[in-house]
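Residue-level structure breakdown
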Amino acid sequence: MIPVYLSSNGNRGNRRGNGGESELSDPNERIIRHPIQYYSINRPTESEAGVDRHTEAAVHRYKYYNRLASQSNGPLDMPDHVVPANFTIKVYVPVTGQQSSLITIFSLWNTMMGTSLLSMPWAIKQAGFVCGIVLLIFMAGVMLYTSYRVLKSVDVLKGKVDVLEFSDVCKHYFGKTGELLAVICSLLTLLGGMIVYWILMSNFLYHVVSFIHDHAVNNFNTTTLVNLTKYSDAVCPKASIPQNSTFGYSETQVGDFPVTEGNFYKIWDEQMTVPFFLILVLFPIINFKSPTFFTKFNALGTVSVAYLFVFAAVKAAKWGIHLDFSSVDSVFPDYTTNFKMTFPALTGISALAYFVQNCCISITRNQKNPQNNIRDLTIAYLLVCGTYVYMGVVFYSSFPLAKSCIEDNLLNNIETNDIMAFVARIGLFFQMLCVFPLLIFILRLQFMHSVFGSVWPSLKHVLVLNVVLIGVCLVFAIFLPHIGRIIGFVGAFCGFSYAICLPCLVYLKACYLKDGGLKLTWMKIIFHGFLILMGLGNFIGQFLIIGHTT
């Protein structure tokens, strides 16, 4: 249910809750809020069947957004103008935004933190140490500017158009074409996230079960990875297996039953079998009509990021710093280069890592002091940039083996039987297990509404779509389980089209129409045209480095 109340000036305001006292801006002024119940839009009665389908889809979407924000009047509250009249009860109270700047900054930071964090050391390896740091900061600045343009587009249209999302702004200036492009980019971003999540969940599940199995059969030397150094917890997946290795084919006695390791690892293979085992866990829960249960575990994301911070610091303290800028021979383990031609791998990843343009309007909508939105957005980007630079630099500079060994999932460089890595993997697995149904729910909602005009055409439609989506995830998990490349392509395309191109074109069109007192100048055309070409170059660069990344 979404109880919505009318303020004393006649404008609708959001008050969540099913009854009780509502505390007003004046501490001496209180009013008893009566509970209200109304029909579920999932199953309307015959008299209620005339609900506008667009409103139905919007309410579904913002029911999910509301539950992502635990506090009252949170950053993702459903906006007033999408609430149908029969969803309201009149209680006259003065309503103002209650979201503090701290909540706004944290929400923006938490939204941008994602799986890209695990790929930052690999991204720096592809760009070079100094070049990687510079590009991470530069891309943060570019994405900050376009996010700023997204927020300012709402101010320009204030009083003219009710803006729910940035796609509404695109529709106002470019019609259905602009709205369709925004929706397609949103769907591709979600699909890319689902693919990366499936690959990572398969990886984490494989290592977690292998850890438990190895301890159960007292077999702690099952690594296929060569490591002849004193740093036993660091591994190089690219190293070849010695010909006389007996990995996977030893026999261990468990009770009265001999266990052949070869049989276990033939059944439990990270690429060929584990992605299919994952279907048994995920397919039943992705067909739920509402993902409300999984939103309760949203805080796991913050806990996971905090743990990775500590994890990187502990490993760096144990390993020390391993950088050698003077060596000219790449065979030395500490050999470090400052620039590499494969730097588009980093710019592609960072485009997705800093991607918040599709929801920054929703996050800042209920800000107590809207004039601070730009300041809060800037602080959030500075924190996010610092987080990514920290994770990439600390792990890259301390990794004790050859830098060419660094994987696009930094946990792949840690031994399976490492306790800290085991905790990280199991925590990230359960976090992604809860987030994945939310991703597929939002994709299903947007796709079904766009194609069929309903968020739930039928169970058959939903099952077919889910089978197709899981099939796509399986193909990538089996044949291309490289999250760095996937994030790079998805980030470069969505960064070019949604995060850079659309905000720049919207601003130029607003200047051309002189909306909000704006004026079009040649300097604006040249600057924003350069940003668009740079985004296009980033996307093209992903194709040029195919086969050259390591």
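Residues numbered from 1 in each chain as written. Predicted model: local features only at pLDDT ≥ 70, side-chain atom pairs only at ≥ 80, totals over all residues. Heavy atoms only, no water.

Our working rule: UniProt positions are given in the numbering used here, feature names are shortened, and annotations may be inferred rather than shown by experiment.
An unreviewed UniProt entry annotates the protein chain as Amino acid transporter transmembrane domain-containing protein of Patella caerulea. UniProt, in its Sequence similarities (unreviewed entry) section for the protein chain, records the words "Belongs to the amino acid/polyamine transporter 2 family. SLC38A9 subfamily."

So, the pattern of salt bridges
Let me state the cut-off plainly: Only one rule defines a salt bridge in this text: a Lys or Arg side-chain nitrogen within 4 Å of an Asp or Glu carboxyl oxygen. Secondary structure counts use DSSP, requiring at least four H or I residues in a row for a helix and at least two E residues in a row for a strand, with both numbered from the N terminus. The buried label goes to any residue with under 20% of its type's maximum accessible area, the exposed label to any with over 50%, and the partly exposed label to all in between, with areas taken from a 1.4 Å probe on protein chains only.
Per the counting criterion, the structure on display carries eight salt bridges. Lys176 serves as the salt-bridge partner of Glu179, at 3.3 Å between the closest nitrogen and oxygen. Taken together, the residues span about one helical turn, with Glu179 and Lys176 both in helix 5 (residues 166–216) at a distance of three residues. Taking the relative accessible area as the measure of exposure, Lys176 reaches 59% and is therefore exposed. We note a salt bridge from Lys315 to Asp418, for which the minimum N-O separation is 2.9 Å.

Looking at the side chain of Gln431
Formally: Any two residues whose heavy atoms approach within 4.5 Å at even a single point are treated as in contact.
Of note, Gln431 is situated in helix 13 (residues 419–452). Apart from the residues lying within four places of it in its own chain, the contact partners of Gln431 are Leu300, Gly301 and Ser304.

Description of the packing of helix 7 (residues 274–286) against helix 13
The description of two packed helices rests on the angle between their axes and on the distance between the axes. Heads up, the rule is: With axes taken as lines fitted to C-alpha atoms, and helix axes fitted only over the stretch in contact, angles between N-to-C directions fall between 0 and 180 degrees. Throughout this description, any angle smaller than 35 degrees is read as roughly parallel, any larger than 145 degrees as roughly antiparallel, any in the 65 to 115 degree range as roughly perpendicular, and the remainder as oblique. For any pair of crossing helices, the crossing counts as left-handed if the nearer helix is rotated counterclockwise from the farther one by less than a right angle, and right-handed if it is rotated clockwise.
In contact at an axis separation of 10 Å, helix 7 and helix 13 are set at 45° when each is read in the N-to-C sense. When the axes of helix 7 and helix 13 are compared, the pair comes out oblique. Considering only the axes of helix 7 and helix 13, their crossing is right-handed. Seen from helix 7, the contacting residues are Leu278, Val281, Leu282, Ile285 and Ile286; seen from helix 13, they are Phe429, Leu433, Phe436, Pro437, Ile440 and Arg444.

Some points on the packing of aromatic side chains
Selection rule: For this analysis, a ring pair means two rings from Phe, Tyr or Trp (six-membered ring only for Trp) whose centres lie within 6.5 Å, classed as stacked if their planes differ by under 30 degrees, edge-to-face if by over 60, and tilted for the remaining angles. Two thresholds decide whether a charge sits over a ring: the Lys NZ or Arg CZ must be within 6 Å of the ring centre and within 35 degrees of the ring normal.
Following the criterion strictly, the structure yields 22 aromatic pairs and no others. Taken together, a centroid distance of 5.9 Å and an interplanar angle of 75° make the contact between Trp319 and Phe395 edge-to-face. You can see Trp319 sitting in helix 9 (residues 300–319) and its partner Phe395 sitting in helix 12 (residues 373–398), a full 76 residues away along the chain. Of the residues examined, Phe395 reaches a relative accessible area of 1% and is grouped as buried. In this structure an aromatic cluster arises from ring pairing among Phe489, Phe493, Phe539 and Phe543. The ring of Tyr507 has Arg149 lying over it, and the distance from NZ or CZ to the ring centre is 3.7 Å. Stacked on the ring of Tyr396, the Lys or Arg Lys403 has its end atom at 5.1 Å from the ring centre.

So, the state of the cysteines
Cut-off, in case you're wondering: Throughout, disulfides are identified as pairs of cysteine sulfur atoms within 2.5 Å of each other.
All chains considered together, the criterion is met by one disulfide. Between the sulfur atoms of Cys236 and its disulfide mate Cys405 the distance is 2.0 Å. Judged by the sign of its S-S torsion, about -85°, the bond between Cys236 and Cys405 is left-handed. Remark: Cys405 occurs in the loop between helix 12 and helix 13 and Cys236 occurs in the loop between helix 5 and strand 6 (251–254); sequence separation between them is 169 residues. Unpaired in this structure, Cys360 has its nearest cysteine sulfur neighbour in Cys359, at a distance of 6.8 Å. The class for Cys360 is buried, based on a relative accessible area of 0%.

What about helix 5?
What counts is decided by this rule: Take the residue count of a helix, subtract one, and multiply by 1.5 Å to get its expected span. A residue's bend is the angle separating two fitted axes: one through the seven residues that end there, the other through the seven that start there.
With 51 residues, helix 5 should reach 75 Å at 1.5 Å per residue; the first-to-last C-alpha distance of 53 Å falls well below that figure. Of all the bends in helix 5, the greatest measures close to 150° and is centred on Phe174.

With respect to a nonpolar patch on the surface
The condition that has to hold: Residues with no salt bridge and a relative accessible area higher than 30% make up the patches, which join like charges within 9 Å and nonpolar side chains (Val, Leu, Ile, Met, Phe, Trp, Tyr) within 5 Å. Note on areas: these come from Shrake-Rupley sampling with a 1.4 Å probe, and a residue is covered only by the protein chains present in the view.
Residues Tyr512, Leu513, Leu520, Trp522, Ile525 and Ile526 make up a contiguous nonpolar surface patch of about 670 Å² in total accessible area. Elements with a minimum of two residues in the nonpolar patch: helix 15 (483–513) and helix 16 (522–544). Checked against the element boundaries, Leu520 lands in the loop between helix 15 and helix 16.

Quick look at the environment of Gly348
Counting through the fold element by element, Gly348 comes out in helix 10 (residues 344–353). By relative accessible area, which is 0% here, Gly348 ends up buried. Each residue touching Gly348, except ones within four places of it in the same chain, is listed here: Ile487, Gly488, Gly491, Ala492, Asn538 and Gln542.

Points about the confidence of the model for the protein chain
The test is simple: pLDDT is a residue-level measure of predictor confidence that goes from 0 to 100.
Per-residue confidence for the protein chain gives a mean pLDDT of 80, with 74% of residues at or over 70. Within the protein chain, no element has a lower average pLDDT than strand 1 (residues 4–7), which sits at 36, and none a higher one than helix 16, at 97. Scored below 50 in pLDDT, residues 221–226 makes 15 contacts in the model with residues more than four places away or belonging to other chains. Scored below 50 in pLDDT, residues 240–260 shows 27 contacts in the model against residues more than four places distant or in partner chains.

As for the packing of helix 13 against helix 14 (residues 459–479)
Relative to each other, helix 13 and helix 14 sit at 125°, their axes nearing to 11 Å. Between helix 13 and helix 14, the interaxial angle falls into the category oblique. As helix 13 runs across helix 14, the sense of the crossing is right-handed. Facing Phe436, Ile440, Leu443, Arg444, Phe447, Met448 and Phe452 of helix 13, the residues of helix 14 in contact are His461, Val462, Leu465, Asn466, Leu469, Ile470 and Cys473.

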